[in-house]
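# Summary of the model geometry
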Amino acid sequence: MSPRRELPTDPMVREIVRQARAWQVGRRGFLAGAGASAAALALAACSTGTSAPPTAAKDNSASDKTLNWANWPAYIDEDDDGNYPTLDAFEQQTGISVNYLVDVDDNNTYYAKVRDQLALGQDIGADTVCLTEWMVARLIRFGYVQDLDEANIPNKKNLTATLADPDFDPGRAKSLPWQGGFGGICWNKEALPDGIRTVSDLWNPELKGRVGVLSEMRDTLGLIMLENGVDITGDWGSDEFQAAMDTFSEQVASGQIAAVKGNSYLEDLASENTLAAICWSGDITVLNAESGDKWEFMVPEAGGTFWNDTFVVPVGSTRKTNAETLMNYYYEPEVAAQVAAWVNYVTPVAGAKEAAEAIDPELAANQLIFPDDDTLSTVHPFRSLTAQEETEFQAEFQKVLLG
Amino acid sequence: MAIAAFAPTTAGAPQGETKRGGRTALFLLIPCIAYLALFFLAPLISLVLTSFQAPRLYGDIGQYDYAFRWENYADVIGEYWPQILRSFGCALAATVIALIISYPLAYFIGVTMRRYSLAQSLLLVLVVAPFFISFLLRTLAWKQILSNESPIVHALQAVSLLGPGEYFIGSPAAVIFGLVYNFVPFMTLPLYASLERLDSRLLEAGSDLYANAFTTFRTVTLPLSIPGIVSGTLLTFIPAAGDYINASRDFLGSPDTSMLGNAVEANFLVLQNFPAAAALSIILMGAILILVAVYVRRSGTDELV
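Residues numbered from 1 in each chain as written. Chains lettered and ligands numbered in written order. Predicted model: local features only at pLDDT ≥ 70, side-chain atom pairs only at ≥ 80, totals over all residues. Heavy atoms only, no water.

### Overview of helix α15 (residues 387–401) of chain A
Residue and element names in this part refer to chain A. Convention followed: Here a helix means four or more residues in a row that DSSP labels H or I, a strand means two or more in a row labelled E, and each is numbered from the N terminus. By definition here, a helix of n residues has an expected span of 1.5 Å times n minus one. Per-residue accessibility, obtained with a 1.4 Å probe over protein chains only, is compared with the maximum for each type, and a residue is labelled buried under 20%, exposed over 50%, and partly exposed between these values. Note: the arc covers the axis-to-C-beta directions of the helix.
Across its 15 residues, α15 extends 21 Å between first and last C-alpha, which sits within 8% of the 21 Å expected from 1.5 Å per residue. Looking only at α15, the buried set comprises A387, E389, E390, F393, Q394, F397, Q398, V400 and L401. Along the long axis of α15, the arc covered by the buried residues comes to 150°, so they all point the same way. Facing away from the buried surface of α15 by more than 90 degrees, the exposed residues are Q388 and K399.

### Notes on the nonpolar core
One recurring pattern in soluble globular proteins: nonpolar side chains tend to sit buried together. The following threshold applies: To define a nonpolar core, start from buried Ala, Val, Leu, Ile, Met, Phe, Trp, Tyr and Cys residues and group those joined through side-chain atoms within 4.5 Å.
In this structure, W69(A), F248(A) and Y330(A) are the most contacted members of the largest nonpolar core, which totals 118 residues. Examining the composition of this core, we find that seven residues originate from one element, helix α5 (residues 133–142) of chain A, more than from any other. In this structure, F183(B), L198(B), L260(B) and V296(B) belong to the second largest nonpolar core, which totals 52 residues.

### Focus on the UniProt feature "transmembrane region" (unreviewed entry) in chain B
Residue and element names in this part refer to chain B. Rules: UniProt positions are given in the numbering used here, feature names are shortened, and annotations may be inferred rather than shown by experiment.
Here the UniProt-annotated "transmembrane region" (unreviewed entry) positions come out as residues 25–49, 84–109, 121–141, 167–193 and 276–296. From the first C-alpha to the last, residues 25–49 spans 32 Å; its make-up is 100% helix and 0% strand. Within the segment residues 84–109, helix and strand shares are 100% and 0% respectively, and the terminal C-alpha atoms sit 36 Å apart.

### Some thoughts on the interface of chain B and chain A
For clarity, the cut-off: Note on contacts: a residue pair qualifies if any of its non-hydrogen atoms lie within 4.5 Å across the two residues. For this document, the term salt bridge refers to a Lys or Arg side-chain nitrogen within 4 Å of an Asp or Glu carboxyl oxygen. Pairs of N or O atoms within 3.5 Å make up the polar contacts considered here, provided that, within protein, one atom can donate a hydrogen while the other can accept it, and that residues adjacent in sequence are counted only when both atoms are side-chain atoms.
The interface of chain B with chain A comprises 43 residues on the first partner and 49 residues on the second. Where chain B touches chain A, the interface holds four salt bridges. With a closest N to O distance of 2.6 Å, D60(B) and R141(A) form a salt bridge. Summed over the shared surface of chain B and chain A, the result is 10 residue pairs in polar contact (both at pLDDT 80 or more). Of all elements in the fold, only α2 (15–51), α3 (71–112), α5 (135–145) and α11 (260–270) of chain B reach the threshold of two or more residues within the side of chain B that touches chain A.

### A word on the packing of helix α4 (residues 107–119) of chain A against α5(A)
All names here are of chain A. Threshold: Helix axes are fitted only over the stretch in contact, all axes being lines through C-alpha atoms; the angle between N-to-C directions runs from 0 to 180 degrees. In what follows, roughly perpendicular refers to angles from 65 to 115 degrees, roughly parallel to angles under 35, roughly antiparallel to angles over 145, and oblique to any angle outside these ranges. Rotating anticlockwise by less than a right angle from the far helix to the near helix defines a left-handed crossing, while the corresponding clockwise rotation defines a right-handed one. Any residue that is not Ala, Val, Leu, Ile, Met, Phe, Trp, Tyr, Cys, Pro, Asp, Glu, Lys or Arg is counted as polar, Gly included; the first ten are nonpolar and the last four charged.
Relative to each other, α4 and α5 sit at 15°, their axes nearing to 11 Å. When the interaxial angle is binned, α4 and α5 end up roughly parallel. Here the hand of the crossing between α4 and α5 comes out right-handed. Each of N107, N108, Y111 and L118 in α4 lies in contact with α5, whose residues at this interface are W134, M135, R138, L139 and F142. Taken together, the residues that form the contact of α4 with α5 break down as six nonpolar, two polar and one charged.

### Digging into empty space enclosed by the protein
All names here are of chain A. Note the following rule: Note on definitions: the grid is 1 Å and covers protein atoms alone; a cavity is a set of points where a 1.4 Å probe fits but cannot get out; a pocket is an open set with protein on both sides within 12 Å along at least five of seven lines; lining residues have an atom within 4 Å of a point. Grid points are joined across faces, edges and corners, and a volume is the space filled by probe spheres set on the points.
All chains considered together, the criterion is met by four cavities of 30 Å³ or more. In this model, the largest cavity occupies a volume close to 60 Å³. As for the largest cavity, its lining consists of 13 residues, of which V114, L118, V129, L131 and L139 are closest to the centre. Every element with two or more residues in the lining of the largest cavity is listed here: α4, β3 (128–132) and α5. Looking at which element gives the most residues to the lining of the largest cavity, the answer is α4, with four residues. Split by residue class, the lining of the largest cavity holds 13 nonpolar, no polar and no charged.

Following this line, the structure appears as structure tokens:
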């Protein structure tokens, strides 16, 4: 070893250098350490592959009067100051302070963000979150959500009968719908004064390059399957799916369909890049209110899709009772009517229509918000897919989207 | 080979010096090494391990087990070769166009405006100004400007650059346009840095020796600015090849224009096919590393990068 240099005279610097020398690590030691940490990291990476469902966190609701609620944008009543009137009323009534997070922009992206925490049973930053049914079905399959306690949600009796017993969650033991909507068709009334009536009308050569569809597979392919005469709720298989897939990929390849998008399809309608589209019911009402009354929505003649965004309590949440109290509150018909009037989606709460009649009879007659039995008979939920189907169908759908 | 291209040339460094300061230097490097190990090496190991995972037998969506399934690489190349080629094609086109735009710009700022230092600084600020607004917002703004009913598209249709029923958004040209727009500053700044140091007496010497302007440019200016060109093209090409915003369906692209980044995104976020996404990322990384190594060797500027 080469002779050490004189230590500097400044006492502080001296001390620092002495400490530094004490900490010195030989090159071998360092390499060994680096190797060991790399190996440890590799092992740590491996360990996330376990598959035992996580256990639910302990409920601290009694002492912890807070709640984090993750939801989609523009999905709750909002006043001009950006407050949420129904939520404020809930906080006053129950003393639970709610942190409302506009965190969900896409089922898949949200899932990708939280899946590791869910698998480890950790808190995902939300005590309740509203995701679309098919994603909720996946969460339930994996054991990522907690059982709901009916005793805390007496208003569950107000749940619309048609939604009470879905195939993915018999008896609604773990989930409760928040809002629903229809997948249908819409068009620009100025550009297309005659309108369109069926999904096949979208394939009119005059609309080439001006048609948009949703990147939500179940809505886009569901509508095409309905057009092909398939009962999407019933027992269909990969032949029926394939037939719809062929139509879809042909229209994308020919350039008839120019846009395949999620929530951002509204920008394309507003900028008139898209003149006719497969879209969601509530959005068109909002778009007309914001950018002039130019668009019209319709459930196609062959039928539309019906989906619901659904409350669940993730395994890692320690505030389940608070979440249940919130659900119970939003299942009061009067509250549900107030929310429905603002978000323009279909409320799952029976009695909300009557409550809305008291506020605004015209609103109560709107079939896209308070559908009657005739309207409900034209829309169909997409049946749950098995894990294998989900993997296969999504892969084919994405293949078309990637060109 | 790739590593060698990046290795600094230490042959000339005095050996005794390094030995004496070795341990202290190593100690001082610990934070940096720890940082790299934690945020670069560990994710890289995890990425490589993930890329060899195999789907679990009778498993649900997104369930994979550690294995050595090298077929993942063959599978993704077979499935996504158009996107891979498109990525490199678009990135190359964008780099060349950005160079053509940036070189005169950097020359103007760095050489022509040399005497007016205030104007020079203002011009530099203008080059950097777009960074004050988010990348996503600027790309969305272009989407609005170039939308189907916009005056620009109508004008292009009027002069038959776009046929009836053809639009700009969603075409490969739109994606390359977006890449060029977003990466021009990365090309301009290194070019400026090397041209700004250009000794104007050398240009005078060139004309004294009866060289015309073009010959002077070819034999004096261009060789002296090679370091700027190399770093500018690297700073443009590497991120452009991995870019997935411009080519995304939600921005300037369409299904016909999706690049490798979009395939990674779809596999990771939607399909939950992590091994495929990881294998694609490693292919992208490897391909860029090889291309860049060859490029740096060829341009003979190893010491400068």
